[in-house]
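# Commentary on secondary and tertiary structure
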Amino acid sequence: MSDRILEKLSILADAAKYDVSCSSSGSNRKNDNKGLGNTGNGICHAYTEDGRCVSLLKILLTNVCIFDCAYCVSRKSNDIKRAGFTVQEVVDLTINFYRRNYIEGLFLSSGIFKDADYTMERLVLVAKKLRTEHKFNGYIHLKTIPGASEEIINEAALWADRLSINVEMPTEKSLALLAPDKKRSDMLRPMEYLKTAIIANREEKKLFKKAPMFAPAGQSTQMVIGATPETDLEILYLANGFYKKMNMRRVYYSGYVPISNDNRLPAIGTPVPMIRENRLYQADWLLRFYDFKVQEIVDAENPLLDTDIDPKLSWALRNLHLFPVDVNTADYKLLMRVPGIGVQSAKKIYAARKFRRLNSEHLKKIGISFRTAKYFLSINTEFERKDLLPGQIKQLILTEGNSKYKANFSPQIKLF
Amino acid sequence: MDIVTYDGSMEGLLSAVFEVYEYKIPDPVICVRSAANGSLFGQFHEVHSNTEKTNRVYKKLSERLSKTSMLQVYSTFLSGLPGMENILLRYIQYVLASKQSVEYDYSHPDVLFVQQTSKKVHREKHRMEAFIRFQVTQDQLYYAIIQPDFNVLPLINNHFRKRYADQRWLIYDSHRKYGLYYDLETVTEIEMNFDIDVKHTKSVATLNDTNEELYQKLWQQYFSSVNIAARKNMKLHIQHMPKRYWRFLTEKQVQFNEEF
């Protein structure tokens, strides 16, 4: 029996790993029933050899699937081993992993094995069992199956912390090309429904503390990048729309890992576009934490993010007329925009300069990346940029620094 | 220079701070009694922990500092870094001597030290919350052995008590020779000399529950299955999971045994 479950776990974890979300934060479920577990800021309990966080037990209930999406390992036409867990097996694995402090909770997804509702019902059953029979207060992320009915989605939100539907492709055209069985409207409709229901629940919670929790960690989505020819402009505008219009908590970008010889897709052996993925996440951070507007990051003239420098530095070099910024007087929001100064450093500088004028030694000790920031700051009349042009500053920063990305990482892949 | 010795506890340190004021010791060097080997020069001043003195310093400080900064002071103490006593003394003197709050004065070296040291300690606390791996004994005790860089047991107590409210657990710091034990009601600090050769944790494994090995195997299997080989990045892996923690990580035991 133990060999069989080991084999199932290896198949169903392997098939789930291309879903990149591993977040276990954003919920605030307390352990006030003397049960098991709680949620908080999220903890990464391990990191795989590819450097990614392992926070949740991320598995498929089954990798049997009636759909044939070209980018997916579990597609119907792929000749691979198929397996499926029983509801009880997933429950036991979750509880036993959780009790040993291996994980923060469960991320359960599934291939679609009959129809959307039938599949989704099984996922909900796992969550319900965990919450009711085991008094489990850890994190549960359920995948919403495209096309599932509102009743079932509603029930899922009562047990889970987070729900997600993957938009999969940045454009409808790419989706039609690679996932002929899926329609974008099947993904957007449940998102819309959840968005409205979550807002209603939050309002209700303000009035009645006892109102049930309803997807307290909100919704997220994911798109595959690098499998199709969309620009970063298209990707980031879509992401921005999800944040602004769908109240998405997170949009994930999954660099396409070639898994098939389908001629609609990059061939096996094509490097994963890891730098591009990383730049997209940096841009995403600028949208969410640095108060950037999407059109400041990409526009018609610059539809692709630079790969050799980060998007904040790119923006600064395009907008040199806004610099230098006086470290001792500049507005907090402007401080945050200085390349080499992050949210935390900006806060510290803002607080510390009330005591005395800060000089460059102070800044170095506080822990900003002075090497980069010095071209954009004036510090008590010192100002290092002088008359340098954007290209020269970029070169100086690149040659002085030691980029994280060396030869072992490929640049963005070229298509067509 | 006066050597001021204390018993190594936070209470003792605050009592020592009190006595520095009380006896107007001009140039004190505070250190733990056991570590103070006779200095040829200077005076010795022995401080005994005194609840009243401790409380007075504590109360005064909490009037001047936010909860966050109070925790930073405690975390800096728990770092056990050499010389932290005197930095904390100077920090406290600076706080008490200033009319306005100085806790965010990050261009002051002592304030910055306390902020940065507490951040290091906090990082280690967080690592323990992440990297502790319980094993289950036949009588359903969940136990884990740790060797954190800093003395973080007092800081992780709350987290584990709240999270694992329905299971008995024991976390043992084998460097500092003490642990926390939760009996389903309260957490108690227990001192024991549990002489464990961490390279041979297998010897303890004979006490384990019959299912324990299965779940360890399942976890190892899971850990290797979620890896995407095409994205291999060992530098990042090691940056997030430094090698010194590997010996206590169930998922790393497979490789560990092969290496040694």
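Keep in mind it's a predicted model, so treat the numbers as computed, not measured.

When helices and strands are counted, chain A shows 15 helices and ten strands. A compact globule built from 416 residues should have a C-alpha radius of gyration of about 22 Å, and chain A, at 23 Å, falls within 12% of that. If you line up chain A on its principal axes, its C-alpha atoms span 70 × 55 × 40 Å. Expressed as a percentage of its 416 residues, the buried residues of chain A come to 58%.

Attention shifts here to the pairing of strand S1 (residues 2–6) of chain B. All names here are of chain B. For S1, the buried fraction is high: five of the five residues fall into the buried class. With burial as the criterion, each face of S1 is covered, one bearing Asp 2, Val 4 and Tyr 6 and the other bearing Ile 3 and Thr 5. With five bridges joining them, S1 and strand S2 (residues 28–32) adopt parallel strand pairing. Pairing of Tyr 6 across the sheet is with Val 32, part of S2. Note: S1 against strand S3 (residues 43–46), four bridges, orientation parallel. Each bridged residue has a counterpart across the sheet, and for Val 4 the counterpart in S3 is His 45.

On to the state of the cysteines. All names here are of chain A. Going through the model one piece at a time under the given rule, you end up with one disulfide over all chains. Residue Cys 44 pairs covalently with Cys 53 via a disulfide, S to S 2.3 Å. Here the S-S torsion is close to -100 degrees, and the disulfide linking Cys 44 with Cys 53 is therefore left-handed. The exposure class assigned to Cys 53 is partly exposed, which follows from its relative accessible area of 23%. Cys 72 takes part in no disulfide bond, and the closest cysteine sulfur to it belongs to Cys 69, at a distance of 6.1 Å. Cys 72 gets classed as partly exposed once you look at its relative accessible area, which sits at 26%.

Residue-level contacts link 57 residues of chain A with 61 residues of chain B. Summing both partners gives a buried area of about 5,200 Å² for chain A against chain B, and 57% of it is carried by carbon and sulfur. For the pair chain A and chain B, the number of links is seven salt bridges. Note that Lys 232 of chain B is salt-bridged to Glu 49 of chain A, the shortest N-O span being 3.9 Å. Breaking the side of chain A that touches chain B down by element, the ones donating at least two residues are helix H1 (2–14), strand S1 (46–47), strand S3 (56–60), helix H2 (87–99), helix H8 (274–289), helix H12 (343–352) and helix H13 (360–366) of chain A. At seven residues, H1 of chain A tops the list of elements feeding residues into the side of chain A that touches chain B.

Moving on to the side chain of Glu 168 of chain A. Residue placement: Glu 168 of chain A occurs in the loop between strand S6 (162–164) and helix H5 (172–178). Every residue in contact with Glu 168 of chain A, bar those within four places of it in the chain, is listed here: Tyr 71, Leu 175, Lys 182, Met 187, Gln 222, Met 223 and Val 224 of chain A.

Looking at chain A as a whole, its pLDDT mean stands at 92, while 95% of the residues score no less than 70. The low-confidence segment residues 406–416 of chain A, where pLDDT is below 50, has 21 contacts with residues more than four positions distant or belonging to other chains.

The domains assigned to chain A are domain 1 (2–212) and domain 2 (311–400). Between the C-alpha centres of domain 1 of chain A and domain 2 of chain A the distance comes to 42 Å.

Now for the domain arrangement of chain B. All names here are of chain B. Split into domains, chain B comes out as domain 1 (2–124) and domain 2 (132–259). Using only C-alpha atoms to locate each centre, domain 1 and domain 2 end up separated by 33 Å. Each partner contributes to the interface: domain 1 provides nine residues, whereas domain 2 provides eight residues. Among the residues domain 1 hides against domain 2, the three largest losses belong to Leu 78, Val 121 and Glu 124. Together they make up 69% of the total. If you look at where domain 1 meets domain 2, you find zero salt bridges. On inspection of domain 1 and its partner domain 2, the count reaches three residue pairs in polar contact (both at pLDDT 80 or more). Elements that contribute at least two residues to the side of domain 1 that touches domain 2 include exactly helix H3 (67–79) and helix H5 (109–131).

Moving on to the sheet that holds strand S5 (residues 141–146) of chain B. Spatially, the five strands line up as an open sheet ordered S4-S5-S6-S7-S8 (chain B), and their pairing is mixed. Of all strands in the sheet, those with a lone pairing partner are strand S4 (135–136) and strand S8 (187–191) of chain B, marking the two edges.

Core analysis: the largest hydrophobic core is formed by 194 residues, its most contacted members being Ile 59, Phe 97, Tyr 253, Phe 376 and Leu 377 of chain A together with Trp 169 and Tyr 222 of chain B. Ignoring any residue separated from it by four or fewer positions in sequence, one finds Trp 169 of chain B in contact with Phe 134, Leu 141, Tyr 142, Asn 157, Phe 160, Arg 161, Tyr 164, Leu 180, Tyr 181, Tyr 182 and Val 187 of chain B.

All names here are of chain A. Across its 18 residues, helix H3 (residues 116–133) extends 25 Å between first and last C-alpha, which sits within 8% of the 26 Å expected from 1.5 Å per residue. Within the span of H3, buried status applies to Ala 116, Thr 119, Met 120, Leu 123, Val 124, Val 126, Ala 127, Leu 130 and Arg 131. End-on, the buried residues of H3 take up no more than an arc of 145 degrees, which puts them together on one face. If you follow the buried residues of H3, they end up packed against H2, strand S4 (105–109), strand S5 (139–143) and helix H4 (150–159).

Reading the values: rules and limits
Residues numbered from 1 in each chain as written. Chains lettered and ligands numbered in written order. Predicted model: local features only at pLDDT ≥ 70, side-chain atom pairs only at ≥ 80, totals over all residues. Heavy atoms only, no water. Helix = DSSP H or I, 4+ residues; strand = E, 2+ residues; numbered from the N terminus. Rg over C-alpha atoms; globule rule 2.2 N^0.38 Å. Buried < 20%, exposed > 50% of the residue type's maximum accessible area, 1.4 Å probe, protein only. Pairing = 2+ DSSP bridges. Disulfide = S-S within 2.5 Å. Contact = heavy atoms within 4.5 Å. Buried area = accessible area lost by both parts, 1.4 Å probe. Salt bridge = Lys/Arg side-chain N within 4 Å of Asp/Glu carboxyl O. pLDDT = per-residue confidence, 0-100. Domains from an automatic or database assignment. Polar contact = N/O pair within 3.5 Å; in protein donor to acceptor, adjacent residues only side chain to side chain. Core = buried A, V, L, I, M, F, W, Y, C linked by side-chain atoms within 4.5 Å. Expected span 1.5 Å × (residues − 1). Arc of directions from axis to C-beta.

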